Amino acid sequence: MKQDSDLRNNLKSIRTRLGMSQQDLANIANVTRQTISGVESGLYAPSVAITLRLAKALGCQVEDLFWLERDLPEIEAVLAKPVPNGQQLRVSVARVGGQWIAYPLIGKDAFRQDMIPADGEGETCTGTNKIRVRLLDDNLDTLHNTVVIAGCAPVISLWARATERWHPQLRVQYNFANSMAALHSLCRGEAHIAGMHLYDPETGEYNTPFVRDVLAGREAVLITLGVWEEGLLLKSGNPMGIRTVSDLVAGGATIVNREIGSGSRMLLEQTLQKEQIPFDAVQGFDNILKTHQDVAQAVVRGVADAGISTASVATAFGLGFIPLHQSRYDLVILKEYLEEAPVQQLFSTLGHRMVHSQFEILGGYDISKIGEVVATV
């Protein structure tokens, strides 16, 4: 029987997850291998009897194998960032603060290393920041059990993956954002947690003054993820003999910088001001990159002689490193989210040895205070 155009199946994914070949499944379900191939490719709609035999052979329910596309739910979500009107979008979706948030998977936001799977698709509408999302499966539990973190620390992804192994029903969505962008994302209700590493030289405090200013009276808690070393990334072997920021200017070195709002840029600016070096005296000061990885890759490729990042990133890319500052990286969360079960599960893993081990072997982090509440605002 020819496949119904609305009938969908994930027979292949379940079969391969169980380590079965098409012939293996055909033998157990007492059908031909061609039948399995036809169903998986969408060219053949199985009878009720074959459907039941397939479900029994795979140890699952019929509903786990087959569904009608028109039965998939639709939800209305708020877009986390503006996109062109009328554009068809792949999106990730999460529930934050009682509303659905859709994160467009466009450009670099569509990738980590591999392409990020979408939760649904929808088309933007003129004159509104909302989108009607047609989900790609009916597993709303996964979307409800998603914790969204905005931040720039590479270790967040290590923490997220370790947590998902410990709590398989939990999903952690990590959206890259510099410190101020992450804080504003939290304030707008687009994330549960914001990661930041900003130092205020006037008060000598990390992060808290910026949180008070941006959240403007909303109650939040700051929990330490760790203290990391920040400084200059240099070519391996440091061929220019750079030891200080002043050496960058004296040696005519070219740098790459980070965007306004990032902790790395703030550190560079504060260091230059302390040494009374004008920003425009540094070659490449206006060459802006968006991530720690981008800065490291620019130095590796020879696009720049130096850039500001962390000791752990330098180690990962085999680069030289000159420490300038130790910065505390905090996780900021609104108090209203603290009692949510997925959030509690995520934070509970900060004390697990599995998480600590990932941080320790990376290097460049002091996690002796990990998980401690350092401030409430």
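Definitions and cut-offs
- Residues numbered from 1 in each chain as written.
- Predicted model: local features only at pLDDT ≥ 70, side-chain atom pairs only at ≥ 80, totals over all residues.
- Heavy atoms only, no water.
- Helix = DSSP H or I, 4+ residues; strand = E, 2+ residues; numbered from the N terminus.
- Buried < 20%, exposed > 50% of the residue type's maximum accessible area, 1.4 Å probe, protein only.
- Contact = heavy atoms within 4.5 Å.
- Areas by Shrake-Rupley, 256 points an atom, 1.4 Å probe, with all protein chains shown as cover.
- Lys, Arg positive; Asp, Glu negative; His and termini not counted.
- Charge placed at Lys NZ, Arg CZ, Asp CG, Glu CD.
- Polar contact = N/O pair within 3.5 Å; in protein donor to acceptor, adjacent residues only side chain to side chain.
- Expected span 1.5 Å × (residues − 1).
- Axes fitted to C-alpha atoms, helices over the stretch in contact; angles between N-to-C directions.
- Parallel < 35°, antiparallel > 145°, perpendicular 65-115°, else oblique.
- Left-handed = near helix turned anticlockwise from the far one by under 90°.
- Nonpolar A, V, L, I, M, F, W, Y, C, P; charged D, E, K, R; others polar.
- Pairing = 2+ DSSP bridges.
- Right-handed = clockwise from strand over helix to strand, strands pointing away.

Colleague: Explain the overall build of the protein here, please?
Modeller: Helix and strand content of the protein: 15 helices and 19 strands. Oriented by its inertia axes, the alpha-carbon framework of the protein measures out at about 80 × 50 × 45 Å. In the protein, buried positions account for 49% of the 377 residues. Of the contacts made within the protein by residues no fewer than 6 positions apart, 72% connect residues no fewer than 24 positions apart. Of the roughly 17,900 Å² of accessible surface on the protein, 51% is carried by carbon and sulfur atoms. The protein carries 34 positive and 42 negative side-chain charges, and their two centres are separated by 6 Å.

Colleague: Help me out: how do you make sense of the environment of Arg 353 in this one?
Modeller: Inspection of the secondary structure assignment puts Arg 353 in helix H15 (residues 353-362). By relative accessible area, which is 55% here, Arg 353 ends up exposed. Among the polar contacts listed, one links the side chain of Arg 353 to the side chain of Glu 360, at a separation of 3.1 Å.

Colleague: Looking at this structure, I do not really get helix H7 (residues 155-166). What am I missing?
Modeller: Residues that lie three or four places apart on an α-helix share one face, since the helix turns once every 3.6 residues. For H7, built from 12 residues, the straight-helix expectation of 16 Å at 1.5 Å per residue is met to within 8% by its first-to-last C-alpha distance of 17 Å. All of the buried residues in H7 are Val 155, Ile 156, Trp 159, Ala 160, Ala 162 and Thr 163.

Colleague: How do you make sense of the packing of H7 against H15 when you look at a structure like this?
Modeller: Helix packing geometry: the angle between the two helix axes and the distance between the axes. Relative to each other, H7 and H15 sit at 150°, their axes nearing to 9 Å. Between H7 and H15, the interaxial angle falls into the category roughly antiparallel. Here the hand of the crossing between H7 and H15 comes out right-handed. Contact with H7, carried on its side by Val 155, Leu 158, Trp 159, Ala 162, Arg 165 and Trp 166, involves Met 354, Val 355, Gln 358, Phe 359 and Leu 362 of H15 and no other residues of that element. Along the lines of polarity and charge, the residues of the contact of H7 with H15 split into nine nonpolar, one polar and one charged.

Colleague: What's the story with the pairing of strand E14 (residues 255-258) in this structure? I'm lost.
Modeller: On any regular strand, side chains alternate: one points to one face of the sheet, the next to the other face. Taking every second residue as pointing to the same face, both faces of E14 are buried, with Ile 255 and Asn 257 on one and Val 256 and Arg 258 on the other. As judged from the two bridges shared by E14 and strand E16 (residues 306-310), these two strands associate in the parallel manner. Within E16, the residue paired with Val 256 across the bridge is Gly 307. When E14 meets strand E15 (residues 288-289), the two strands line up parallel, connected through two bridges. Each residue of the ladder has a partner; that of Arg 258, found in E15, is Leu 289. Handedness of the crossover is the feature at issue here: the chain leaves E14, passes through helix H11 (residues 263-274), returns alongside E15, and the resulting connection is right-handed.

Colleague: Before we go on, may I ask you to explain the sheet that holds strand E3 (residues 74-79) in this structure?
Modeller: What links the strands of a sheet is backbone hydrogen bonding, and the strands pair in either a parallel or an antiparallel sense. An order of E3-E5-E4-E6-E7 is seen for the five strands of this closed barrel, with the pairing classed as mixed. This sheet shows a mean twist of 50° between the axes of neighbouring strands, independent of strand direction. Inspection of the sheet shows strand E6 (residues 120-124) paired to strand E7 (residues 130-135) by five bridges, in the antiparallel sense. Bridge assignment links Glu 123 to a residue of E7, and that residue is Arg 132.

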